[in-house]
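# What the coordinates show
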Amino acid sequence: MVENFTLAQISDLHIGRTISYPSGQVELFEELQKTVEKIARMEPLPDILMVTGDLANHASRRDYLRVKALLDSLPIPYYIVPGNHDSRRVLREVFSDHSYLHLADQFIQYSIDGLPVRILSLDTLAEGSHRGRIDEVRLRWLDERLAEEPKKPTLICMHHPPFRTGMPYPDSLGLDGTQEMAKIVGKYRNIEAIVSGHTHRESCVRWNGTVAYVTPSCTFSYKLEFHEVDDLDPLHEPPAFRLFRWVEGVGLVSHLCYNRDYEFGLSEGVPRTPNN
Ligand SMILES: [Fe+2]
Ligand SMILES: [Fe+2]
């Protein structure tokens, strides 16, 4: 009987970027601070934090150091999944004490064992491209890890979603290799969920026998846009993160959380432009 296992996931920090909204400028590090403070105040504290990519907007050492100092202040362990804005080399340099980053020369893929839910972290980064890739080497690793524990509840973490969201612009920056990944995932019945980020918006779909989520950015959103566009403007929506709570006899239950408290509901305190 497992009790009280909780996993938090934050995504798309983009530290180093400042966003200009009609209501004013927002330095994304301040939003990350709010997110980290919110997680640190949770009762009970999550057991583990997964950081699913785009930690720094320009993969700079300075910005990674700021992220590291802040995340190191949390009283829980955290694990990094690379995103398209990240550099494996600089991540490995700055987070040198994170031994799982150094397990393989090429990709940053690892399993986290010993928890009620097994975590498999996939590397979808294709350096030099904002699209992601999950190729034969990475997929073989996934298949081998899944074959090791075909009954243990498992969560797959990755940066790029493995499905198209129906939003043409983010889908144009999607993931190559999803059909092959679908075949592997479809063979197993113990994958509780797949979580990703990258689009900066919440999405969820039934996917090859499991549930696949996209978690919003913990620092800024993009508009929900179903038309073809050349670019997307940031949108001043509440930054969010995801919490998974293991419920015995039910499974891994997802709870979307916001990085601030909205004492009188979400309609109060949501950023507004000066005109309304
Ligand atoms: Fe991002
Ligand atoms: Fe991304």
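Remember, it's a predicted structure, so these values are computed and weren't measured experimentally. (Residues numbered from 1 in each chain as written. Chains lettered and ligands numbered in written order. Predicted model: local features only at pLDDT ≥ 70, side-chain atom pairs only at ≥ 80, totals over all residues.)

Our focus in this paragraph is the overall build of the protein. Regarding its fold elements, the protein presents six helices and 17 strands. Rg of the C-alpha trace for the protein: 18 Å, near the compact-globule value of 19 Å for 276 residues, within the 12% margin. Considered along the principal axes of its C-alpha atoms, the protein spans approximately 55 × 40 × 35 Å. In the protein, buried positions account for 38% of the 276 residues. Within the protein, contacts between residues at least 6 apart in sequence are counted, and of these 67% link residues at least 24 apart. (Helix = DSSP H or I, 4+ residues; strand = E, 2+ residues; numbered from the N terminus. Rg over C-alpha atoms; globule rule 2.2 N^0.38 Å. Buried ≥ 20, exposed ≤ 12 C-beta atoms within 10 Å, placed from the backbone. Contact = placed C-beta atoms within 7 Å.)

Moving on: the sheet that holds strand β16 (residues 240-247). With mixed pairing, the five strands of this open sheet are ordered in space as β5-β4-β1-β16-β17. Of all the strands in the sheet, just β5 (78-80) and β17 (251-258) have a single pairing partner and so form its edges. Each adjacent strand pair in this sheet contributes to an overall mean axis angle of 20 degrees, direction not counted. Looking at chain direction, strand β1 (residues 6-10) and strand β4 (residues 48-51) are connected through four bridges and run parallel. Within β4, the position partnered with Q9 by the bridge is M50. (Pairing = 2+ DSSP bridges. Axes fitted to C-alpha atoms, helices over the stretch in contact; angles between N-to-C directions.)

Looking at chain direction, β4 and β5 are connected through three bridges and run parallel. In the strand pairing of β5, M50 is matched with Y79. Taken together, β4, helix α2 (residues 61-72) and β5 form a β-α-β motif whose crossover is right-handed. (Right-handed = clockwise from strand over helix to strand, strands pointing away.)

Take the packing of helix α4 (residues 136-148) against helix α6 (residues 178-185) next. Their axes nearest at 10 Å, the elements α4 and α6 cross at an angle of 10 degrees. With respect to each other, α4 and α6 are oriented roughly parallel. Residue-level inspection shows L139, L142, D143 and L146 of α4 in contact with α6, the latter providing E180, M181 and I184. Of the residues belonging to the contact of α4 with α6, the class tally is five nonpolar, no polar and two charged. (Parallel < 35°, antiparallel > 145°, perpendicular 65-115°, else oblique. Nonpolar A, V, L, I, M, F, W, Y, C, P; charged D, E, K, R; others polar.)

Glancing now at unusual backbone geometry. With the exception of glycine, most residues fall at negative phi, and the peptide bonds are largely trans. Backbone torsion omega between E43 and P44 reads 0 degrees, so that peptide bond is classified as cis. Tracing the chain through its elements places P44 in the loop between α1 (28-40) and β4. The backbone phi angle of H14 is positive, close to 50 degrees, even though this residue is not glycine. With respect to the helices, strands and loops of the structure, H14 is situated in the loop between β1 and β2 (18-21). Positive phi, close to 65 degrees, is recorded for H200, a residue that is not glycine. Relative to the elements of secondary structure, H200 occurs in the loop between β11 (191-196) and β12 (203-207).

This brings us to the nonpolar core. The biggest cluster of nonpolar side chains holds 52 residues, and the ones touching the most others in it are L55, L155, I156, C157 and I194. What I194 contacts, discounting residues up to four positions off in sequence, is I156, M158, P162, W207, T210 and A212. (Core = buried A, V, L, I, M, F, W, Y, C linked by C-beta atoms within 7 Å.)

We now examine α4. In an α-helix there are 3.6 residues to a turn, and that puts residues three or four apart on one side. Between its terminal C-alpha atoms α4 stretches 18 Å, which fits the 18 Å expected from 13 residues at 1.5 Å a residue. For α4, the full list of buried residues reads R138, L142 and L146. All buried residues of α4 fall inside an arc of 70 degrees around its axis, so they share one side. For α4, exposure combined with an orientation more than 90 degrees from the buried face picks out E136, V137, R140, E144, A147 and E148. Close packing links the buried residues of α4 with β7 (118-121), β9 (154-157) and α6. (Expected span 1.5 Å × (residues − 1). Arc of directions from axis to C-beta.)

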